[in-house]
Amino acid sequence: DNLRDSIRPDDEVELDLLDTGLDVDFGMQTDILTEKLNVKGLTAGLILTNVLHRNLTGKRRSELGIGLGYEPLNWITSGLDLRKQFAEKGLTVNFGWELRGKWQRGAAIEAAVRNGFDISIARKQFSLGFLLALGNSYWEYTLTKQFKGEPYSEANHTVASTIRF
């Protein structure tokens, strides 16, 4: 009875579908061609992003990607990815590089600076980020912004925490 009395016919009901900012990505990366061609530092990967928010109407959509990475020296890596966002036509091409340092002070410590570009029919963006790792725990920040027409206040700021197995 109390519930029936508290709802009036002129009450408006709202459903909050705002993006919580939390999501889950699944990915894997492995060395390739190391034994057959004696090529060191070449990797292939597969990723599925934004698994939780794939049905929401927010900015992020689920995306499937495949990529190649190359580490010619211990402190630099470059990568090329092809990604398909399920809500858009066409593919997105990502290219980027990472400069990194690793130290051993009891646990493994790693720091990196990253830069990348992503180009598709719908958008042209650049990213800049950094990483700090302790053992198998990684913390990352990335700024992703369109080249034109998007102020920094509306750019995508991503903070991620990852455990690698």
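Reading the values: rules and limits
Counting restarts for each chain: residues are numbered from 1 in the order of the written sequence. Owing to the predicted nature of the model, reporting of local features is limited to residues with pLDDT of at least 70; listing and counting of side-chain atom pairs is limited to 80 or more, with chain, interface and lining totals taken over all residues. With hydrogens and water set aside, each side-chain value is computed from the structure's full complement of heavy atoms. Starting at the N terminus, helices and strands are each numbered in turn, a helix being any DSSP run of H or I of at least four residues and a strand any DSSP run of E of at least two. Only protein chains enter the area calculation, which uses a 1.4 Å probe; residues under 20% of their type maximum are buried, those over 50% are exposed, and those in between are partly exposed. Any two residues whose heavy atoms approach within 4.5 Å at even a single point are treated as in contact. Residue exposure ignores everything except the shown protein chains as possible cover, and the areas themselves are Shrake-Rupley values with a 1.4 Å probe. By definition here, a salt bridge exists when the distance from a side-chain nitrogen of Lys or Arg to a carboxyl oxygen of Asp or Glu is within 4 Å. For two strands to pair, DSSP has to find at least two bridges joining them. The convention used is that axes are lines fitted to C-alpha atoms, helices contributing only their stretch in contact, and that angles between N-to-C directions extend from 0 to 180 degrees. What pLDDT expresses is the predictor's confidence in each residue, scored from 0 to 100.

A. Local environment of the overall build of the protein chain. Helices and strands together make up the secondary structure of the protein chain, namely one helix and nine strands. If you list the helices and strands of the protein chain from N to C, you get α-β-β-β-β-β-β-β-β-β. Counting across all 165 residues of the protein chain, residues that qualify as buried make up 24%. When contacts within the protein chain are restricted to residue pairs at least 6 apart in sequence, long-range pairs at least 24 apart make up 28% of them. Surface summary for the protein chain: the accessible area is close to 12500 Å², and the carbon and sulfur share equals 60%.

B. Seen up close, the pattern of salt bridges. Here the structure, examined in full by the defined rule, presents seven salt bridges. Here Glu98 and Arg114 are joined by a salt bridge, their closest N and O atoms 2.4 Å apart. With Glu98 in strand E5 (residues 92-105) and Arg114 in strand E6 (residues 107-119), this pair connects stretches of sequence that are 16 residues apart. Residue Glu110 is joined to Arg100 by a salt bridge in which the shortest nitrogen-to-oxygen separation is 3.5 Å. Remark: Arg100 occurs in strand E5 and Glu110 occurs in strand E6; sequence separation between them is ten residues. The same class applies to Glu110 as to Arg100, namely buried. Beyond isolated ion pairs, a larger network of salt bridges with shared partners links Glu71, Glu98, Arg100, Glu110, Arg114 and Glu140.

C. Main features of the pairing of strand E2 (residues 42-49). Examined bridge by bridge, strand E1 (residues 26-31) and E2 share six bridges and lie antiparallel to one another. The residue of E2 that forms the bridge with Gly27 is Ile47. Sheet analysis places E2 next to strand E3 (residues 63-73), joined by eight bridges and oriented antiparallel. Paired with Ala44 across the two strands is Leu68, which belongs to E3.

D. Main features of the sheet that holds strand E4 (residues 76-85). Reading across the sheet, the nine strands line up as E1-E2-E3-E4-E5-E6-E7-E8-E9 and stay open at both edges, with antiparallel pairing between neighbours. Since the sheet does not close on itself, it has two edges, and those belong to E1 and strand E9 (156-163), each with one partner. Here the average twist between neighbouring strands, direction ignored, is 20°.

E. Quick look at the confidence of the model for the protein chain. Residues of the protein chain with pLDDT of at least 70 account for 82%, and the chain-wide mean is 82. When pLDDT is averaged over each helix and strand of the protein chain, the minimum, 56, is found for helix H1 (residues 2-6) and the maximum, 94, for strand E7 (residues 124-134). Note on residues 13-17: pLDDT is under 50 here. Beyond four places in sequence and across chains, it has one contact.

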